[in-house]
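# Structural features, examined
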Amino acid sequence: MDFTVTPEQQTFFEETRAWAQSLIAPGAAERDREGRWDPALWKALGAQGLAGLPIPAAYGGGGASVVECCLANEAIAEGGHDGGFNLSLGAHWVIGTVPIWLHGSEELKKRWLPGLCDGTFVGSWASTEPESGSDAGSIRTTAVRDGDDWVLNGTKMFITNGPIADVCTVLARTDTKATAGRGISAFVVDTRTPGFSAGRELDKLGCRSSPTAEIVLQGCRVPAECMLGPEGEALWRIAFECFDWERTVMLAGSVGGMAATLADALRYAGQRSQFGRPIASFQAVQHKLADMKINLETCRMAVYRAAWLKQEGLPHQTEASIAKVLIGELSVRNALEAVQIHGGYGYLRDFPAERALRDSKLSAIGGGTTEIQKTVIARALLAE
Ligand SMILES: Cc1cc2nc3c(=O)[nH]c(=O)nc-3n(C[C@H](O)[C@H](O)[C@H](O)COP(=O)(O)OP(=O)(O)OC[C@H]3O[C@@H](n4cnc5c(N)ncnc54)[C@H](O)[C@@H]3O)c2cc1C
């Protein structure tokens, strides 16, 4: 298997990383402290041609391959060093925009994709509910047909971009009798629709520059044309497909975060002196740096392997779950090592290691927990 990138892809990676370094990194610590989303960065992302990267050029997107989307996400995370920005971007790309592209009618695509691609709109996806997380088939939000419309009622939880999104793909039960994850449909909802509201903004441990909220649907009336894909099939056909995008393209952001954390630790170990010499000269510190590099490359390889398989149309669910488990564990381990290398300073908010530790924990939870990934992997093994 050949994992080398083309010279054009390498240039794209470096230019994107430099762009993120100059634009996103400078205010990252402050946005984290204040839990603040910066709309100006989103506009700049659109102007840079990155907001609609996975979407074909015909709809205003970048027409990038799965691997190229990974490269961009990794570059933005490494250069920008803002886990929250990458969370918002990842959600916008792979669960906010891609489902409309892959399953929307031509009318829906023309209505939403150009704005989602040029940075005018922010996308989001709402499947999780207060009582339905890992058990995604247990959602209680309902959509009841009324003439030409569907009327949605229910509450969604943990919705990335919830307070700022212009459009949200909402999963709702259209058949309350169906079992085994059937009877669930997806609706593209304009967030200005009466009956759609973002509830309280959630105060998070990490990724704090990305706004997360509850979404409340109260008699939210949506035209029938806003349904994505066939009625009742959204969990199997759309949500599980979204998970594959999350476990490849979105994970590449975590790889970029790990690269930034290693670079910080290396820099600090070279600059900090104790006992009359840089701490990088102590073997104990060198081994931590080596472990961080091993973990980073393990995760990078796992993510790009899954992404490449996805791009080639080959089975990749097990590989994507393996990548997610690895990142869930190793990104936190690397952040802990970075804190340790920084000593007392690593415990302070003045250095990015502490933020990396808080940001990294999400990888083992969002988009399917580590435990659920292991269940997916074991299920595939036992079916062999
Ligand atoms: C910051 C953030 C952003 C998010 N963004 C979105 C979003 O944009 N849209 C959206 O729809 N959702 C979003 N989510 C929701 C996310 O996908 C869920 O939090 C996740 O799937 C876990 O669900 P839960 O939190 O309800 O945990 P639960 O499912 O209640 O799990 C609790 C614990 O039990 C374990 N567990 C549960 N079932 C099993 C089992 N069968 N076997 C073994 N262990 C099990 C879990 O692994 C976990 O450790 C987001 C979450 C966060 C924190």
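Residues numbered from 1 in each chain as written. Predicted model: local features only at pLDDT ≥ 70, side-chain atom pairs only at ≥ 80, totals over all residues. Heavy atoms only, no water.

A few words now on the overall build of the protein chain. In terms of regular secondary structure, the protein chain is built from eleven helices and ten strands. A compact globule built from 384 residues should have a C-alpha radius of gyration of about 21 Å, and the protein chain, at 21 Å, falls within 12% of that. Taking the principal axes of the C-alpha coordinates as reference, the protein chain spans close to 80 × 50 × 40 Å. Counting over 384 residues, the protein chain shows a buried share of 54%. (Helix = DSSP H or I, 4+ residues; strand = E, 2+ residues; numbered from the N terminus. Rg over C-alpha atoms; globule rule 2.2 N^0.38 Å. Buried < 20%, exposed > 50% of the residue type's maximum accessible area, 1.4 Å probe, protein only.)

Inspection of the entire model under this criterion finds zero disulfides. Sulfur of C168: no disulfide; nearest cysteine sulfur belongs to C220 and is 9.5 Å away. (Disulfide = S-S within 2.5 Å.)

As a further point, take the domain arrangement of the protein chain. Taken domain by domain, the protein chain comprises domain 1 (7-117), domain 2 (123-231) and domain 3 (236-383). Its C-alpha centre places domain 1 at a distance of 20 Å from the equivalent point of domain 3. Contacts between the two partners involve 31 residues from domain 1, matched on the other side by 31 residues from domain 3. Contact with domain 3 buries area across many residues of domain 1, yet V66, E74 and H81 alone supply 25% of it, more than any other trio. There are two salt bridges connecting domain 1 and domain 3. Between R300 and E74 there is a salt bridge whose closest N-O contact spans 2.6 Å. For the pair domain 1 and domain 3, the number of links is 14 residue pairs in polar contact (both at pLDDT 80 or more). Of all the elements in the fold, those that place two or more residues in the side of domain 1 that touches domain 3 are α2 (28-34), α4 (66-80) and α5 (83-103). A per-element tally of the side of domain 1 that touches domain 3 places α5 first, with 14 residues. (Domains from an automatic or database assignment. Contact = heavy atoms within 4.5 Å. Buried area = accessible area lost by both parts, 1.4 Å probe. Salt bridge = Lys/Arg side-chain N within 4 Å of Asp/Glu carboxyl O. Polar contact = N/O pair within 3.5 Å; in protein donor to acceptor, adjacent residues only side chain to side chain.)

On to the pattern of salt bridges. All chains considered together, the criterion is met by 22 salt bridges. Linking E78 and R17 is a salt bridge whose minimum nitrogen-to-oxygen distance equals 3.2 Å. One end of the pair, E78, is in helix α4; the other, R17, is in helix α1 (residues 7-23), with 61 residues separating them in the sequence. Residue classification places R17 among the partly exposed residues on the basis of a relative accessible area of 24%. Between D146 and R221 there is a salt bridge; the shortest N-O distance is 2.7 Å. With D146 in strand β2 (residues 142-146) and R221 in strand β7 (residues 212-223), this residue pair connects regions lying 75 residues apart in the sequence. In this structure R221 comes out as partly exposed when scored by relative accessible area, which is 38%.

Below, the discussion takes up helix α3 (residues 39-47). Among all positions in α3, only L41, W42, L45 and G46 are buried. Buried residues of α3, seen end-on, are gathered within an arc of 145° and therefore sit on one face of the element. Tucked into the core, α3 has its buried residues touching α1, α2, α4 and α5. Sitting at the head of α3, D38 places a side-chain oxygen 2.9 Å from the backbone nitrogen of A40. Just beyond α3, the residue with positive phi is G49, at close to 80°. (Arc of directions from axis to C-beta.)

Over its 15 residues, α4 extends 21 Å from the first C-alpha to the last, a length consistent with the 21 Å expected when each residue adds 1.5 Å. Most of α4 sits out of view: 14 of its 15 residues are buried. (Expected span 1.5 Å × (residues − 1).)

The next subject is a nonpolar patch on the surface. On the surface, a cluster of nonpolar side chains totalling about 330 Å² of accessible area is made up of M1, F3 and M301. When you line up the elements, F3 lands in the segment before α1. The class for F3 is partly exposed, based on a relative accessible area of 33%. (Patch = residues over 30% accessible without salt bridge, like charges linked within 9 Å, V, L, I, M, F, W, Y side chains within 5 Å. Areas by Shrake-Rupley, 256 points an atom, 1.4 Å probe, with all protein chains shown as cover.)

Another point: the packing of helix α8 (residues 283-311) against helix α9 (residues 317-341). Contact pair α8 / α9: the axes reach a minimum separation of 9 Å and the direction vectors enclose 160°. Classified by the interaxial angle, the pair formed by α8 and α9 is roughly antiparallel. Relative to α9, α8 is oriented so that their crossing is left-handed. A per-class count over the contact of α8 with α9 returns 16 nonpolar, four polar and six charged. (Axes fitted to C-alpha atoms, helices over the stretch in contact; angles between N-to-C directions. Parallel < 35°, antiparallel > 145°, perpendicular 65-115°, else oblique. Left-handed = near helix turned anticlockwise from the far one by under 90°. Nonpolar A, V, L, I, M, F, W, Y, C, P; charged D, E, K, R; others polar.)

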